[in-house]
Amino acid sequence: MLYAIISEDVPNSLAARKSARAQHLARLVELKEQARLFVAGPHPAVDSSDPGEAGFSGSLVIAEFQDLEQAQAWADADPYIKAGVYAKVVVKPYLKVLP
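Everything quoted here is computed from the prediction, not taken from an experiment.

Peer 1: Help me understand the side chain of serine 13, please; the structure alone is not making it clear to me.
Peer 2: Positionally, serine 13 belongs in the loop between β1 (2-9) and α1 (14-33). For serine 13, a relative accessible area of 2% gives the class buried. In terms of polar contacts, serine 13 uses its side chain to reach the side chain of aspartate 9, at 2.5 Å. Among all residues touching serine 13, those that are not within four sequence positions of it are Phe56 and Val85.

Peer 1: So what exactly am I meant to see when it comes to unusual backbone geometry here?
Peer 2: Backbone geometry follows two general trends: most residues other than glycine have a negative phi, and most peptide bonds adopt the trans configuration. Looking along the chain, the bond that leaves leucine 98 and enters proline 99 is cis, with omega of -10°. If you trace the backbone, proline 99 turns up in the segment after β4 (86-94). A positive phi angle is found at asparagine 12, which is not glycine, with a value near 55°. Relative to the helices and strands, asparagine 12 resides in the loop between β1 and α1. Classification of asparagine 12 by relative accessible area gives exposed; the value is 77%. Of note in the backbone geometry, alanine 35 takes a positive phi value of approximately 60° without being a glycine. Inspection of the secondary structure assignment puts alanine 35 in the loop between α1 and β2 (37-44).

Conventions adopted
Residues numbered from 1 in each chain as written. Predicted model: local features only at pLDDT ≥ 70, side-chain atom pairs only at ≥ 80, totals over all residues. Heavy atoms only, no water. Helix = DSSP H or I, 4+ residues; strand = E, 2+ residues; numbered from the N terminus. Buried < 20%, exposed > 50% of the residue type's maximum accessible area, 1.4 Å probe, protein only. Polar contact = N/O pair within 3.5 Å; in protein donor to acceptor, adjacent residues only side chain to side chain. Contact = heavy atoms within 4.5 Å.

Next up, the structure:
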């Protein structure tokens, strides 16, 4: 089943994001290589595809996991949590309807 992992950043998270980005992306690449990643990306803090120093306000990952507990465990192990990027992470089931 697909699960949405919706994360909210702490204020001024850009430096912490940059420091943990390689490890964060490596985990997403692993999901992609396993054909389990539906979509992943950050939410720019401003209305721009290049927010610059404004940074990001959070992230969204939608991926396939065996169950909610595995999805939560995967989310809890995100390097962005250890780096102090995320203030809050919510994991919930997701059903793709369209397209």
